[in-house]
Amino acid sequence: MDKILRIDMGAEGGPKITESPVGAYAGLGGRALTSSVVASEVDPLCHPLSAANKLVIAPGLLSGSIAAMSGRISVGCKSPLTGGIKEANSGGQPAQVLARLNYAAIVLEGKPKEDTLYKVFINKDGAKIAEDKSLNMLSNYQVVEKMKGEYGNKIACISIGQAGEMRLSAASIAFTDMELRPSRHAGRGGVGAVMGSKGVKVIVIDDSGCSTRQPKDPEKFKAANIKFIEGLRSHPVTGQALPAYGTNVLTNIVNEAGAYPTYNFKQGRFQGAAKISGETYAELETKRGGLATHGCHSGCVIRCSGIFNDKDGHFLSKQPEYETVWAHGGNCGIDDPDKIALLDFLDDDIGLDTIEMGVTIGVAMDGGLIQFGDVDGAINLIKEVGKGTPLGRIIGSGAAVTGKVLGVEKVPVVKGQALPAYDPRAVQGIGVTYATSPMGADHTAGYAIATNILKVGGYVDPLKPEGQVELSRNLQIATAAVDSTGMCIFIAFAIMDQPETFQALLDMLNAFYGLELTAEGVAELGKKVLKTERDFNMHAGFSQIHDRLPGFFKTESLSPHNVTFQVKDEELDTAFNW
Amino acid sequence: MRVTVKLFATLRDGRFTEGEREYPAGTTIGDIIRTLEMDENEAALIFVNGRHADIGYEILDGDTLAIFPPIGGG
Ligand code: SF4
């Protein structure tokens, strides 16, 4: 991974491709790389859809090697949703394929003068770009089908659906899984809109003729990888619960804890939770001939995903994630697992962030556009987005815009980005992450649920403000580092509890690059990434007042525990004091 | 004393999902876990009325007890 592929979409005479050595970005991967490129090359004051913004797609440090779990990919830009820096990461095959092709990153820059669409093809001989108007307003599944017809089955795709083409703020970028389904997404922050603004519909990558990336010290690397896999297999979360039930195993526990945001964050428990729990989905998947355990990329040994078939045994969607099931489910008063899977499919196909869409529909329900529980109404709203009707474009612009248009007071967003599936009043640690993360409300940025609810990495009482800032700070630092390795964040459950598994990860990095990285070094990397991102945001106009939750979390109490968010503003302001 | 007991994920295998059960006064969560033939590592996450509880907690009439194995996601 020693080169960067840049495509200047606005060059005279048409898009211009250049390849250059990584140079100043050497040694960086994933989020560390995307955030560094954005921070040093993008004007923080630029319009996110302008030629001045850049879209950076980067595999992780160990992607393309035999390291287990190493296939996450990071997408960075200035976000059209938040107006700040964005890193959204995804599973799927492209990280492995791009890394084997030796690219540390793809950078899309500039902007075509005409409103047209391009496809990019990358293989061992380099990259080509061609205009292709026939791709206009195809969905993700359609465009991948078309690419399979043109390039065969040995490819991986990075694409946008209609939402990205329309440059809507909730648009995602899709990454194909091992079976070429565009079902894994860099969902958050409207990264798909930035790809749309560059006029790139799809990037097709083919690593035929390329080999696995080789470590500096193959013996040590192999031994560390074996230890790492053993650690993941022996931890009950990564070895048993995630493979068996997927992330949606959380529905019951978050609901039990009274932290399951229901009816647009009005109450902390949903009556229909059991009907849409991970246990229910796993049972349906097995019964209908789907799969309850499936990996999103080669090398994943946790395999938290699955395949969800309809009652006739036909593919309906991949196993929807917990956050998706919550966003379209309890948050909207919907308890039909089949319809929620259909909503998941529509989001993937049109290219939309499932969290943003579920929260937006919840806000629309609160605003009286449709009723809570109206599942067909919800399906219709997502279809409107795909059609690009004026209403669809409003919905596809996310919760903040929709809330404004409908005159709704309770709009659960931070920095313009929708809150995910854990109410910050009943899990106060995650509230700190939502408020302070440079990404806007993002649970993955510092997953306090682990310690507040799941008792991983210790325990901090979720209902009290004490200890939450420190918890969130440490998790945000660790996450920024893990996101830079290209490892799936779910390894955190094992490495937080098992020092030897964390050591195995360090050993892998060291053996691969010939480094002597220590735990402190990893923490330093995490801090550096966060500082880079916060500096960008500061220059984009963010200050402490943006590190706050919406007011109603402080004034309206949440049942069943009747709690409000108690962490004081002054404490939030210390989240990055280390 | 009547107590609602809810089990989740793998803890349901060979047991039950949810049931009202009678226990004598002074019963602890640890006692209940033993009668359900679970080991303490399996019963990793215990909630009484939606709040984390320890195995030493003595249950009260009308409590809802929810027991989960180690789980994660996100
Ligand atoms: S654990 Fe899940 S999200 Fe992570 S790499 Fe595997 S399938 Fe993908």
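Residues numbered from 1 in each chain as written. Chains lettered and ligands numbered in written order. Predicted model: local features only at pLDDT ≥ 70, side-chain atom pairs only at ≥ 80, totals over all residues. Heavy atoms only, no water.

Trainee: Report on the overall build of chain A, specifying residues and quantitative values.
Mentor: Across its full length, chain A carries 23 helices and 17 strands. Counting only C-alpha atoms, chain A reaches 60 × 55 × 50 Å along its principal axes. Looking at chain A as a whole, 67% of its 578 residues are labelled buried. For chain A, the share of sequence-separated contacts (at least 6 apart) that also reach a separation of at least 24 residues comes to 70%. Carbon together with sulfur atoms contributes 51% to the accessible area of chain A, which is approximately 18900 Å² in total. Across chain A, 56 positive and 65 negative side-chain charges occur, with their mean positions spaced 2 Å apart. (Helix = DSSP H or I, 4+ residues; strand = E, 2+ residues; numbered from the N terminus. Buried < 20%, exposed > 50% of the residue type's maximum accessible area, 1.4 Å probe, protein only. Contact = heavy atoms within 4.5 Å. Areas by Shrake-Rupley, 256 points an atom, 1.4 Å probe, with all protein chains shown as cover. Lys, Arg positive; Asp, Glu negative; His and termini not counted. Charge placed at Lys NZ, Arg CZ, Asp CG, Glu CD.)

Trainee: Explain the overall build of chain B to me, using residue names and the numbers behind them.
Mentor: A tally of helices and strands in chain B yields one helix and five strands. In chain B, the order of α-helices and β-strands from amino to carboxyl end is β-β-α-β-β-β. Relative to the compact-globule value of 11 Å for 74 residues, chain B shows a C-alpha radius of gyration of 11 Å, a close match. Overall size of chain B, expressed as C-alpha extent along the three principal axes, is 35 × 25 × 20 Å. (Rg over C-alpha atoms; globule rule 2.2 N^0.38 Å.)

Trainee: Can you explain the domain arrangement of chain A? Please cite residues and give values.
Mentor: Residue and element names in this part refer to chain A. Once the domains are mapped, chain A shows domain 1 (3-205), domain 2 (246-418) and domain 3 (428-572). Distance between the C-alpha centres of domain 2 and domain 3: 24 Å. Counting residues at the interface gives 22 residues for domain 2 and 28 residues for domain 3. Between domain 2 and domain 3 the total buried area reaches about 1900 Å² when both faces are included, carbon and sulfur atoms providing 68% of it. If you look at where domain 2 meets domain 3, you find two salt bridges. Across the pair K410 and E556 runs a salt bridge whose closest N-O atoms are separated by 3.3 Å. Between the two partners, domain 2 and domain 3, sit ten residue pairs in polar contact (both at pLDDT 80 or more). Of all the elements in the fold, those that place two or more residues in the side of domain 2 that touches domain 3 are α8 (250-256), β16 (413-414) and β17 (417-418). (Domains from an automatic or database assignment. Buried area = accessible area lost by both parts, 1.4 Å probe. Salt bridge = Lys/Arg side-chain N within 4 Å of Asp/Glu carboxyl O. Polar contact = N/O pair within 3.5 Å; in protein donor to acceptor, adjacent residues only side chain to side chain.)

Trainee: Describe in detail the side chain of E109 of chain A, supporting the description with residues and values.
Mentor: Residue and element names in this part refer to chain A. Take E109: it is sitting in strand β6 (residues 103-109). Engagement of the side chain of E109 in a polar contact is seen with the side chain of K54, the distance being 3.0 Å. Residues in contact with E109, not counting those within four places in the same chain, are R6, I7, D8, M9, G10, E41, N53, K54 and K198.

Trainee: Can you lay out the site of the ligand for me, pointing to particular residues and giving the numbers?
Mentor: In the vicinity of the ligand, the contacting residues are M69, R72, H294, G295, C296, H297, C300, I302, R303, C304, C488 and F490 of chain A. Looking at side-chain class alone, the shell around the ligand contains seven nonpolar, three polar and two charged residues. (Near = heavy atom within 4 Å. Nonpolar A, V, L, I, M, F, W, Y, C, P; charged D, E, K, R; others polar.)

Trainee: With reference to specific residues and values, describe the packing of helix α12 (residues 354-366) of chain A against helix α13 (residues 375-387) of chain A.
Mentor: All names here are of chain A. Between α12 and α13, the least distance of the axes is 11 Å, while the angle of their chain directions is 120°. On the basis of the axis angle, α12 is oblique to α13. Relative to α13, α12 is oriented so that their crossing is right-handed. Contact residues: α12 offers M357, I361 and A364, while α13 offers A378, L381 and I382. (Axes fitted to C-alpha atoms, helices over the stretch in contact; angles between N-to-C directions. Parallel < 35°, antiparallel > 145°, perpendicular 65-115°, else oblique. Left-handed = near helix turned anticlockwise from the far one by under 90°.)

Trainee: Summarise helix α20 (residues 499-513) of chain A; cite the residues concerned and give the values.
Mentor: All names here are of chain A. Compared with an ideal rise of 1.5 Å per residue, which puts 15 residues at 21 Å, α20 spans 21 Å between its outermost C-alpha atoms and is within 8% of the ideal. Taken residue by residue, α20 has T501, A504, L505, L506, M508, L509, N510, A511 and F512 as its buried positions. Looking at the buried positions of α20, the neighbouring elements they touch are α6 (218-234), α18 (468-485), α19 (491-497) and α21 (519-539). Just downstream of α20, G514 is the residue with a positive phi angle, here 70°. (Expected span 1.5 Å × (residues − 1).)

Trainee: Tell me about the confidence of the model for chain B, residues and numbers included.
Mentor: Predicted coordinates in regions of low pLDDT should not be interpreted in detail. Counting all residues, the mean pLDDT for chain B is 96, and 100% of those residues have values of 70 or more. Both scores are available for the predicted complex, with the pTM at 0.98 and the ipTM at 0.98. (pLDDT = per-residue confidence, 0-100.)

Trainee: An account of the sheet that holds strand β13 (residues 291-294) of chain A is requested, with residue identities and associated values reported.
Mentor: Strand pairing within a sheet occurs via backbone hydrogen bonds; the two strands may be parallel or antiparallel. Residues and elements named next belong to chain A. The three strands lie next to each other as β13-β14-β15, forming an open sheet whose pairing is antiparallel. At either margin of the open sheet sits one strand with a lone partner, and together these are β13 and β15 (315-318). Neighbouring strand axes in the sheet, compared pairwise and without regard to direction, differ in orientation by 25° on average. Of the pairings in the sheet, the one linking strand β14 (residues 305-309) to β15 comprises three bridges and is antiparallel in character. Bridge pairing links I307 to K318 in β15. (Pairing = 2+ DSSP bridges.)

Trainee: Outline unusual backbone geometry, listing residues and values.
Mentor: For the peptide bond that leads from S559 of chain A to P560 of chain A, omega is 0°, which places it in the cis range. Among the structural elements, P560 of chain A can be located in the loop between α22 (552-555) and α23 (569-572). Positioned with a positive phi, R167 of chain A is a non-glycine residue whose angle comes to about 60°. Along the chain, the position of R167 of chain A falls in the loop between α4 (162-165) and β10 (173-175). Residue R167 of chain A is classed as partly exposed on the basis of its relative accessible area of 33%. The backbone of A9 of chain B sits at a positive phi, close to 50°, despite the residue not being glycine. When you line up the elements, A9 of chain B lands in the loop between β1 (2-7) and β2 (18-22).

Trainee: Tell me about the environment of G258 of chain A, residues and numbers included.
Mentor: All names here are of chain A. Topologically, G258 is positioned in the loop between α8 and α9 (278-287). Judged by relative accessible area, which is 1%, G258 ranks as buried. Along the primary structure G258 and N562 are separated by 304 residues, whereas in three dimensions their C-alpha atoms are 9.5 Å apart. What G258 contacts, discounting residues up to four positions off in sequence, is G268, R269, A426, L558, S559, P560 and H561.

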